[in-house]
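Observations on the three-dimensional arrangement
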Amino acid sequence: MSSALTDLCRYPIVQAPMAGGASCPQLAAAVSEAGGLGFLAAGYKTADGMYEEVKQLRGLTARPFGINLFMPQPRYADHAAVEVYRNQLAGEATWYETPLGDPDAGRDDGYEAKLAILLDDPVPVVSFTFGCPTRTTLDALAQAGTYTVVTVTTPEEAQTAQWSGADAVCVQGVEAGGHQGTHRDDPATDAAGIGLLSLVTQVREAVQLPVIAAGGLMRGGQIAGVLAAGADAAQLGTAFLVCPESGAHALHKQAMTNPLFVRTELTRAFSGRPARGLVNRFMREHGPYAPPAYPEVHHLTSGLRKAAVKVGDPQGMALWAGQGHRMARELPAGQLVEVLKGELEATRASLMPGLGNVS
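Bear in mind that the values here come from a model prediction, so they are computed numbers and not experimental data. (Residues numbered from 1 in each chain as written. Predicted model: local features only at pLDDT ≥ 70, side-chain atom pairs only at ≥ 80, totals over all residues. Heavy atoms only, no water.)

A closer look at the sheet that holds strand β7 (residues 178-179)
Hydrogen bonds between backbone atoms are what pair the strands of a sheet, whose relative direction is either parallel or antiparallel. Spatial ordering of the open sheet is given by β7-β11-β10, a layout of three strands whose pairing is antiparallel. Unpaired on one side and paired on the other, β7 and β10 (264-267) mark the two borders of the sheet. Across four bridges, the pairing between β10 and strand β11 (residues 275-278) is antiparallel. Its bridge partner lying in β11, Glu-265 is registered against Gly-277. (Pairing = 2+ DSSP bridges. Helix = DSSP H or I, 4+ residues; strand = E, 2+ residues; numbered from the N terminus.)

Right under this line is the structure:
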């Protein structure tokens, strides 16, 4: 790992920030305490809610941790298309006995307020999704002593992050669960996602920044693979989602290995942005018709998703998951870090004797 990343975590293992509740203080603390880098997700939280979680996490660990922010989104949604989708979802609202949300409920996710808190009371790491901050913002965080990471899905996005002054990039392959962190939501590129190993190599050749690889990683052997391809660390989300410390709903955890859910797909059905999840009824029925409108669609379906959770219906939930979901292991987060470290060492030792130890 680069020296800066080495200072943040003993092992090249990062717990992905999973918005929606999974990345809670208990999970992040357990990962950081075990030698990885735990992350909180500020997405969909208020600025005060984010800060409360930061304070909780600081009470659980003195180790470094990170927090992820969603970048504000431009206004380019087709409002007529959103209204058509609202009409299509009317049956869901009747079924779950809950009203559809207001598509104009907000687009910036409280970005400026959250950023102000993180500049006033800095945390070790801040990462960004759905775009790249300005150089002014990244310079301000650097002056506050914060290490910055920008999520990228193409070499061009990585170059933008480098030009803007980011300390590192999180390279997200198409295998990743949850939202694709593209800087610009272009429906024409929905089927053009790049696989992680190829993307890591392309980004490594395009920029001179540390690389954190993310996308479908579930085993230490896979971590060894992305490190060999040029990554400095590996970020895992789905692998940690099923841990007992995770704040994900029990139905979401159970679905990872439930034989009813055999595959994942990218869909706009729940949020209007491409996101990978387990294929369920809601995705099959509405995915083909969902417009490219984030966060309008997210606001529309928010109540429906909460109602599905309340009645225990995983067929109406957003079951975000990476392509490796069937390999999920219900281990305590600290133990999982140790298992991944052991698998990484074993893989390295088998390939290059004498280079196995990562401690």
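Still more ground to cover, so stick around.
Describing the state of the cysteines
Inspection of every chain in the model, using the stated rule, returns zero disulfides. Residue Cys-132 stays outside any disulfide, its sulfur separated by 13 Å from that of Cys-170, the closest cysteine. By relative accessible area, Cys-132 is classed as buried at 19%. In this structure Cys-243 is not part of a disulfide, and its nearest cysteine sulfur, from Cys-24, lies 10 Å away. On the accessibility criterion, Cys-243 (0% relative accessible area) is buried. (Disulfide = S-S within 2.5 Å. Buried < 20%, exposed > 50% of the residue type's maximum accessible area, 1.4 Å probe, protein only.)

Focus on helix α15 (residues 333-351)
Quick reminder: α-helices carry 3.6 residues per turn. Residues three or four places apart thus point the same way. Its 19 residues place the ends of α15 27 Å apart at the C-alpha level, agreeing with the 27 Å of an ideal helix rising 1.5 Å per residue. Regarding α15, the residues found buried are Ala-333, Leu-336, Val-337, Leu-340, Lys-341, Leu-344 and Glu-345. On the buried face of α15, the contacting elements are β1 (13-15), α2 (25-33), α10 (220-228), β9 (233-236) and α11 (238-241). (Expected span 1.5 Å × (residues − 1). Contact = heavy atoms within 4.5 Å.)

Topic: the packing of α2 against helix α3 (residues 47-60)
For the pair α2 and α3, the least separation of the axes is 9 Å and the interaxial angle reads 40 degrees. Pair α2 / α3 crosses with right-handed handedness. Note on element contacts: α3 touches α2 through Glu-53, Gln-56, Leu-57 and Leu-60, opposite Pro-25, Gln-26, Ala-28, Ala-29 and Glu-33. The residue inventory of the contact of α2 with α3, partitioned by class, reads five nonpolar, two polar and two charged. (Axes fitted to C-alpha atoms, helices over the stretch in contact; angles between N-to-C directions. Left-handed = near helix turned anticlockwise from the far one by under 90°. Nonpolar A, V, L, I, M, F, W, Y, C, P; charged D, E, K, R; others polar.)

Observations regarding the packing of α3 against helix α6 (residues 111-120)
Across the interface, α3 lies against α6 with an axial gap of 9 Å and an inter-helix angle of 35 degrees. The two elements α3 and α6 cross, and the hand of that crossing is right-handed. Within the contact between the two elements, α3 uses Ala-47, Met-50 and Tyr-51 and α6 uses Ala-113, Lys-114, Ile-117 and Leu-118. Considering only residue class, the contact of α3 with α6 consists of six nonpolar, no polar and one charged.

Side note on the packing of aromatic side chains
How two aromatic rings sit relative to each other is set out by the distance from centre to centre and by the angle between their planes. With the rule as written, the count across this model stands at five aromatic pairs. Taking 4.8 Å as the distance between ring centres and 45 degrees as the angle between the ring planes, the aromatic pair formed by Phe-70 and Phe-130 counts as tilted. Pair noted here: Phe-70 is in strand β3 (residues 65-70) and Phe-130 is in the loop between β4 (125-129) and α7 (135-143), with a separation of 60 residues, a long-range link. Each member of the pair, Phe-70 together with Phe-130, is buried. Ring geometry for Phe-270 against Trp-320: centres 5.7 Å apart, planes inclined by 85 degrees, an arrangement best described as edge-to-face. (Phe/Tyr/Trp six-rings, centres within 6.5 Å; stacked < 30°, edge-to-face > 60°.)

Quick notes on the sheet that holds β4
What the eight strands build is an open sheet, ordered β1-β9-β8-β6-β5-β4-β3-β2; its pairing is parallel. Of all the strands in the sheet, just β1 and β2 (38-41) have a single pairing partner and so form its edges. Taken over all neighbouring pairs, the strand axes of this sheet differ in orientation by 25 degrees on average, direction set aside. Inspection of the sheet shows strand β5 (residues 147-152) paired to strand β6 (residues 168-172) by four bridges, in the parallel sense. Residue pairing in the sheet places Thr-151 in a bridge with Cys-170 of β6.

What about the side chain of Arg-329?
Structurally, Arg-329 is set in the loop between α14 (296-310) and α15. Using a relative accessible area of 19% as the deciding quantity, one classes Arg-329 as buried. Here Met-218 takes part through its backbone oxygen, which lies 3.3 Å from a polar atom of the side chain of Arg-329. Non-local contacts of Arg-329, meaning those with residues more than four positions away in its chain, are made with Met-218, Arg-219, Ala-239, Val-242, Leu-336, Val-339, Leu-340 and Glu-343. (Polar contact = N/O pair within 3.5 Å; in protein donor to acceptor, adjacent residues only side chain to side chain.)

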